[in-house]
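# Secondary and tertiary structure notes
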Amino acid sequence: METVEMNSVSLKRPHSEDDVTNADEIKRQKISEKSETGNDSGQSVETVTGQPDKSLLEDTKNEIIPNEESEEQEDEELEDSDEDGDPESFADMMKHGLTESDVGITKFVSSHKGFSGILKERYSDFVVHEIGKDGRVSHLDDFSVPVDDEDPSEETFTVLSDEDKQRLEELQLLKNKETSVAIEVIEDTKEKRTVIHQAVKSLFPGLETKTEDRDGKKYIIAYHAAGKKALANPRKHSWPKSRGSYCHFVLYKENKDTMDAINVLSKFLRVKPNIFSYMGTKDKRAITVQEIAVLRITAQRLAHLNKCLMNFKLGNFSYKNHPLKLGELQGNHFTVVLRNITGTDDQIEQAMHSLREIGFINYYGMQRFGTTAVPTYQIGRAILQNNWNEVMDLILKPRPGAEKGYLVKCREEWAKTKDPAAALKKLPVKRCVEGQLLRGLLKYGMKNIISAFGIIPRNNRLMYIHSYQSYVWNNMVSKRIEEYGLRAVPGDLTLKGATAVHIEEEDVDNYTIHDVVMPLPGFDVIYPKHKIGEAYKEMLVADNLDINNMRHKIRDYSLSGAYRKIIIRPQNVNWEVVAYDDPRIPLFTTDLDKLEGKPLPVLPTDGKFRALKMEFSLPPSTYATMAIREVLKMDTSIKNQTQLNTTWLR
C-alpha cells in the first residue's frame, strides 16, 4: 500500500434547464455540499455552515428549545432567505474559506488516479439510513398505527374549529391573561362532549376540562391544571399504564436537518422539543431515515401529522419504556450518487476496491471547522489559551467571505463602536452565536467576557475546543502517515478494550494499520512513543499550550482527550456505474418511493452522462465526505469546489 499526496481535481458540471431558474438553489447547494457521518456523541450527516456544527457534541437535545416564538419565527425566516448576489460573487467570496490542507487533510491511502464527479447535485443523491445499536438499519416501510383501545377517535382531530384551536393554544402557552377557554357544545350529547374533552386533552397537553351549564347551554371549559410545568411534562395520569411511555417512530425527512425537524414536530404537537430523543443528528441536504422517540405522544397523533407536514414522513410506530440516547448506534448506511463522473471503468474499479479493502484516512471533515475566514479551531485555541479578548474578537470582528448581510453590518458596527447594544441592533437574528455573545456582553459588561461567552449554549461553546482537538488530530495523522506509511510500527497506540497501549517491537507483526489509534489531545490520554509523540508537544507549544496540562480553570473547557482510529474500512461496500441523460431524474428509489409505488425511471444504456452509485456503512464519528474524497482524490472544501465550478455556476 502506498500513500500519495493530494491533487486538486477539476469538477465539471452538466448544464440543465434548471441552471438559471434555480440559481438560488444552486448557491445553497454549493454552501452545503459536504456531509459528515458522525460526531463525538452520535451519528450525523452535517451541512457546512458559517456557524459551528451543532451536531458535534452531546446533549444537543437540551439545546433546541426555542426562544420566544415570535423571535424564533423571524430568525428562521431570515436564516432561510438567501443572500443577494450572483454565483460569481459567491465564488469570489469563498476564496477566503478553508481548504483541506488548512486543517491538516493532505494524504490518501490509495494509488489509483483520481477523477471528477458531482457530489449532491440533488439532495436526493445522498441518502442516509441510521444503523441502530442492534445492527438493524432504519427503514420507513409501514404507516400503520398500533391498535390501542385507549386512543381517541379520528373525530378528535376535527371536532375543534380553527378558532377554538387558536384560543386553546394561546391558553396552553400562557400567551394571554385568560385563565380558561369556553367551547360551546352545539350538538349537546354525551358522546359529543366526550369527544371535545378528549380533543382538548390530547391535542393540548397541560390543559384540563370540565363541563358547565351557562344560560341553558352546555360549555366545555378548558383551564390550566399545573401552570407552566404542564408544557414540558405531558399529563402522566392520562397515559395508560400498560402502554410504554415512549412512542418510537421512524422519521423520513428530505432537505431538513434533525433539529429543525424536531422543532417543527414540537410546534405542530404543541409540546416542548426536549421530550424528543434520538441517537444522532442528520444533515439537511440529504434524504435521511432515523429513529426518534417521544414521551407520551400517541402514534395516532404522530401519524396524523403525515397529512400536513412537508418533506417529512413518520411511520414504523411502536411503544417502548425507554427513550433513545445520543451515540447509541452502530453507524449509518449511505447510498450516494456521484454524477457526471469522468473516470474510466478501470479507475472506478480500482478506487472502489481500495475503499472496500483498505479504507480511507479517518480525518475530521471540513464541516468540523466552519466555512468562513475565521475557522472554529482558532476560537477553540483562544479558549484553551484563556485569551478571552481574542475569543470575543474572533467571533465578532469583520471577516472576508460569504456571510449574511446582517452579520456583515453587525460586525462593521462592532468594529466601529465596540458597543454591544449598537451592534445588536444591526442583528435581526438573535439566536446566532454573535447575537448571543453580544447579549452576554450587554448583560455582564466588557470586563466579564467569560460570563458573556457563557450565555452561548454549552454545546456551541464546546464545539470550538473540539474543533481545535480535531485540527491537531488531522495534522498529526498526516505526519504519522508521511513518516511511517500504512503499517503498524513500534511506539504506535492500539486499544485493548477501552485502554490504549503502546505496540512493542516484539509484537508489531501482530498488528496492522487498521489497529492503530491516535489521541485527541487531553489530560487523560497517552501519546505515541515515536516522532509523532514529540510532534504533538511541538504543535501545542507553538500554540502556547502545555500538552501536560490540558485542564482548564473553567471545568467545561478541560479536555480529557480520546482515541480515534487512523484508518476506517467501510462495510457493505457496493457500487454500480449507470448512464443517464437528464440530471434532474433520480437514479434510485427511496423508502417513500417504494411505499408510494413509484417505479424507478428507465435509464438509457448509453446516456450522455455517467454516474457512480455507491453504498457503504460507516461507524459513528466518521465522515462520509472523507470516504468519497478517497474515491475521487478531490479536495472536498467549499472553497476548492466553488472555485473549480464557477463556469458551471453561471
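Residues numbered from 1 in each chain as written. Predicted model: local features only at pLDDT ≥ 70, side-chain atom pairs only at ≥ 80, totals over all residues. Heavy atoms only, no water.

The name given to the chain in an unreviewed UniProt entry is Pseudouridylate synthase 7 homolog, with Aquila chrysaetos chrysaetos as the source organism. Among the UniProt annotations of the chain, the heading Subcellular location (unreviewed entry) holds the following wording: "Nucleus". One UniProt comment on the chain, placed under Subunit (unreviewed entry), says "Interacts with SIRT1." (UniProt positions renumbered as here; feature names shortened; annotations may be inferred.)

## Points about the pairing of strand E14 (residues 493-496)
Across four bridges, E14 lies against strand E15 (residues 499-502) in antiparallel orientation. Counted as the bridge partner of Leu-493 is His-502 from E15. Turn length for the E14-E15 hairpin, with the two strands adjacent in sequence and antiparallel, is two residues, and the turn residue Gly-497 shows positive phi of about 70°. (Pairing = 2+ DSSP bridges. Helix = DSSP H or I, 4+ residues; strand = E, 2+ residues; numbered from the N terminus.)

## Let's talk about the pattern of salt bridges
Tallied over the entire structure, the rule returns 25 salt bridges. One salt bridge connects Arg-214 with Glu-212, and the closest N-O pair in it is separated by 3.2 Å. Looking at Arg-214, the relative accessible area reads 35%, which means it is partly exposed. When the shortest N-O distance is used, the salt bridge between Lys-531 and Glu-483 registers 2.9 Å. Pair noted here: Lys-531 is in helix H18 (residues 531-542) and Glu-483 is in helix H17 (residues 458-484), with a separation of 48 residues, a long-range link. Given a relative accessible area of 39%, Glu-483 falls into the partly exposed group. (Salt bridge = Lys/Arg side-chain N within 4 Å of Asp/Glu carboxyl O. Buried < 20%, exposed > 50% of the residue type's maximum accessible area, 1.4 Å probe, protein only.)

## Digging into the sheet that holds E14
Strand pairing in a sheet relies on backbone hydrogen bonds, with the paired strands running either antiparallel or parallel. The sheet built from four strands is open, its strands ordered E15-E14-E16-E17 with antiparallel pairing. This sheet does not close on itself; its edge strands, each paired only once, are E15 and strand E17 (562-565). Within the sheet, the average angular offset between the axes of one strand and its neighbour, ignoring direction, is 55°. In the sheet, strand E16 (residues 516-520) pairs with E17 via four bridges, with the strands oriented antiparallel. Bridge pairing in E17 places Val-517 opposite Lys-565. Contacts between H17 and the sheet are confined to E16 and E17, with E16 contributing the most and set at about 145° to the helix. (Axes fitted to C-alpha atoms, helices over the stretch in contact; angles between N-to-C directions. Contact = heavy atoms within 4.5 Å.)

## Examining the side chain of Asn-362
Inspection of the secondary structure puts Asn-362 in the loop between strand E13 (360-361) and helix H11 (376-384). Given a relative accessible area of 3%, Asn-362 falls into the buried group. Not counting chain neighbours up to four residues away, the residues in contact with Asn-362 comprise Trp-473, Arg-564, Lys-565, Ile-566, Ile-568, Ser-621 and Thr-622.

## Some points on unusual backbone geometry
Here Asn-311, not a glycine, exhibits a phi torsion of approximately 65°, which is positive. Relative to the helices and strands, Asn-311 resides in the loop between helix H9 (299-304) and strand E11 (312-320). Assessed through its relative accessible area of 38%, Asn-311 is described here as partly exposed.

## Some remarks on the pairing of strand E7 (residues 217-224)
In terms of strand pairing, strand E5 (residues 180-184) meets E7 through five bridges, oriented antiparallel. Each residue of the ladder has a partner; that of Glu-184, found in E7, is Tyr-219. Looking at chain direction, strand E6 (residues 207-214) and E7 are connected through eight bridges and run antiparallel. Of the residues in E7, the one forming a bridge with Lys-210 is Ile-221.

## Concerning the packing of aromatic side chains
Applying the stated criterion across every chain, the model contains 14 aromatic pairs. Ring centres of Phe-126 and Phe-334 lie 5.8 Å apart, and the angle between their planes is 70°; this geometry places the pair in the edge-to-face category. With Phe-126 in strand E4 (residues 126-132) and Phe-334 in strand E12 (residues 329-339), this residue pair connects regions lying 208 residues apart in the sequence. Across this residue pair, the class does not change: Phe-126 and Phe-334 are buried. A network of ring pairs unites the aromatic residues Phe-369, Tyr-377, Tyr-468 and Tyr-471 as a single cluster. One cation-aromatic arrangement involves Arg-551 over Phe-523; the distance from NZ or CZ to the ring centre is 3.7 Å. (Phe/Tyr/Trp six-rings, centres within 6.5 Å; stacked < 30°, edge-to-face > 60°. Lys NZ or Arg CZ within 6 Å of the ring centre and 35° of its normal.)

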